Amino acid sequence: MDIHDWYRFVYAYSDRIITGLVDEFEITQDDLLIDPFNGTGTTTLSAKKLGIDSIGTDTSPASVLSGRAKTNWEVDLDEFRQRRSELLSIIQPIFKEISSQGNTTLDSFGDSTNGQGIDLSKYDFSEPKKTPKGWLSEKPLKKMKVLRYHIEELPNDNVTDLFKLAMIAISPEDVGNVRFGPEATRDPKQEGDKDVFTIFKTKLSEIEEDLESVQAAVESGEVEPGETEIIRADARQLADTLREESELLNSDKHGGEVDYLITSPPYPAEHDYTRNQRLELIWLRAADDNKDLQKIKKANIRSHTKNIYVADDEGEQVNIRENDRVDAIVSEMEQIIVDEDISHGFGKYYPRVIEEYFAGMQHHFEQVYDLLASGGKAAYVVGDSGSYWQVEVETAEILGELAEERVGFEEPEIRLWRNMAATTADYDDVEENILILTKPESA
Ligand SMILES: C[S@@+](CC[C@H](N)C(=O)[O-])C[C@H]1O[C@@H](n2cnc3c(N)ncnc32)[C@H](O)[C@@H]1O
């Protein structure tokens, strides 16, 4: 296994992107690299392995936990093993009991204790409110509730973070009935009881093995890890947040400046990150109700119709339609709305997603410009989009124009990274590009 595989989501990119760009840009161990849309933490883990200091930010508590747990290698493994064996010995009989419920006549007495005297009455087995319908079968749900109950009794430290990460990593596909393709959907074929005990135990063994080998590599001097910091932040307020909260940025070594940025930001394509990570967020108690979810969504770059709000006005603030390409796309969409008489459904929000998306990214670029050292480079892996009535959105081209004309980056370069399979049949060959921005030497 590799630490990257402890927890991944469908939008994660490959660490080969990072190693390739690190070579090309000649990033050294003196530099500071950031990923403002760090997701499950690919960039920050790759940087750490290469001995490069890095900061990752994201708005999702599940991603922040993932970024942290994967880069915190100084975990006391003896403590980890001791806590694990205690935890496993507590949950094993309870899980057995849950699995056997309904299989014996004892159950028909409706008693909360069974023949072995296991009392389940202290657990609240109700389904969390924001669970999408059918994503969790009854017995796996009960087991996850028990698991979380006992994890929450542990000290709140970096050892327990590994248990929490294992808990969320197994929750959608191994324990839940969720399939990604790439959007998360219910998979009825997976319904029924699951061996959550073995799934969880196996995940913990994998984590243990990887930590053993990375700690040995550090000890022997084979790996000289970079420093890492993971912070929950909105990339549109990146400079402000990092100047206030980041020790690494403000350290003597880095002197308040970032040298490189490598990231894959959202793009307008209807990916709802709070839905795709819903079970993870639920188990971390970060999605108990609509208010929790809104808090995350409102901090996110507007990139889909379910995170557009009445009060959103970034597009207007920066007069985003004065950019001809943005204006052409928005006008084409508005025309479709008139021609097709679209008055309900999500279609009527498509033009607003485009405006708010590009305006939000402009704000983000302003913050990056502020943080980057002169001559610093920023690489964005970003897809084109045809998700909205197949209106073509050349995301990298437009972002490059905004970064150059409105923010001050010089000569944006766009490189084809790969062609993706499109989600709609009529619009194939959607490009994924790497946009490279450079802050002028003279700035
Ligand atoms: C394409 S994913 C990044 C995946 C990452 N490269 C990886 O390998 O896991 C985009 C990420 O941006 C985050 N995000 C969206 N809006 C954000 C914002 N305004 N600030 C910070 N992160 C944001 C989402 O939560 C999501 O994790």
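Residues numbered from 1 in each chain as written. Predicted model: local features only at pLDDT ≥ 70, side-chain atom pairs only at ≥ 80, totals over all residues. Heavy atoms only, no water.

## Section: the overall build of the protein chain
Each helix and strand in the protein chain was counted, giving 16 helices and nine strands. Taken against the 2.2 N^0.38 rule, which gives 22 Å for 443 residues, the C-alpha radius of gyration of the protein chain at 24 Å falls within 12% of a compact globule. Taking the principal axes of the C-alpha coordinates as reference, the protein chain spans close to 75 × 65 × 35 Å. Relative to its 443 residues, the protein chain shows a buried fraction of 55%. Taking the contacts inside the protein chain whose residues are at least 6 apart along the sequence as the reference set, 75% of them involve residues at least 24 apart. (Helix = DSSP H or I, 4+ residues; strand = E, 2+ residues; numbered from the N terminus. Rg over C-alpha atoms; globule rule 2.2 N^0.38 Å. Buried < 20%, exposed > 50% of the residue type's maximum accessible area, 1.4 Å probe, protein only. Contact = heavy atoms within 4.5 Å.)

## Overview of the site of the ligand
Not every one of the 21 residues close to the ligand is listed here, only the nearest: Thr-40, Thr-42, Asp-58, Ala-235 and Ala-299. In the environment of the ligand, a nitrogen atom lies 3.1 Å from a nitrogen or oxygen atom belonging to the backbone of Ile-301. When the ligand sits alone it has 610 Å² of accessible area, and the protein chains cover 98% of it. Residue composition of the shell around the ligand, grouped by class: twelve nonpolar, seven polar and two charged. (Near = heavy atom within 4 Å. Polar contact = N/O pair within 3.5 Å; in protein donor to acceptor, adjacent residues only side chain to side chain. Areas by Shrake-Rupley, 256 points an atom, 1.4 Å probe, with all protein chains shown as cover. Nonpolar A, V, L, I, M, F, W, Y, C, P; charged D, E, K, R; others polar.)

## Remarks on the nonpolar core
Counting residues in hydrophobic clusters, the biggest one holds 60 residues, and the most contacted among them are Ile-91, Leu-147, Phe-163, Phe-200, Leu-211 and Trp-283. Of all elements in the fold, only α3 (61-71), α4 (77-100), α5 (138-151), α6 (158-169), α8 (196-219), α11 (278-283) and α12 (290-299) reach the threshold of two or more residues within this core. Apart from residues lying up to four places away in sequence, Leu-211 is in contact with Trp-6, Asn-72, Trp-73, Val-75, Leu-77 and Leu-162. Counting 53 residues, the second largest nonpolar core, distinct from the first, contains Val-318, Val-353, Phe-358 and Val-368. (Core = buried A, V, L, I, M, F, W, Y, C linked by side-chain atoms within 4.5 Å.)

## A few points about the confidence of the model for the protein chain
Averaged over the protein chain, the pLDDT score is 94; the fraction of residues at 70 or greater is 95%. Ignoring residues within four places in sequence, the model shows residues 105-113, a span with pLDDT below 50, making nine contacts including any to other chains. (pLDDT = per-residue confidence, 0-100.)

## Details of the sheet that holds strand β8 (residues 410-420)
Spatially, the seven strands line up as an open sheet ordered β5-β2-β1-β6-β7-β9-β8, and their pairing is mixed. Looking at the sheet topology across the chains shown, the edges are occupied by β5 (228-232) and β8. Averaged over all pairs of adjacent strands, the angle between strand axes in this sheet comes to 15°, irrespective of strand direction. With two bridges connecting them, strand β1 (residues 32-35) and strand β6 (residues 258-263) associate as parallel partners. In the strand pairing of β6, Ile-34 is matched with Leu-261. Contacting β6, β7 (372-383), β8 and β9 (430-438), helix α1 (residues 15-25) crosses the sheet at an angle of about 150° to β7. (Pairing = 2+ DSSP bridges. Axes fitted to C-alpha atoms, helices over the stretch in contact; angles between N-to-C directions.)

## What about the pairing of β7?
For a regular strand, the rule is simple: side chains alternate between the two faces of the sheet. The buried count for β7 comes to nine of twelve residues, which makes it a mostly enclosed element. Of the pairings in the sheet, the one linking β6 to β7 comprises five bridges and is parallel in character. Bridged to Tyr-260 within β7 is Lys-377. Sheet topology note: the β7/β9 ladder contains seven bridges and is antiparallel. In the strand pairing of β9, Ala-379 is matched with Ile-436.

## Describing the environment of Ser-387
On the secondary structure map, Ser-387 appears in the loop between β7 and α16 (395-407). Classification of Ser-387 by relative accessible area gives partly exposed; the value is 22%. Sequence-wise, Ser-387 and Asp-240 are 147 residues apart; in three dimensions their C-alpha atoms are separated by 33 Å. The residues contacting Ser-387, other than those within four sequence positions of it, are Pro-268 and Ala-269.

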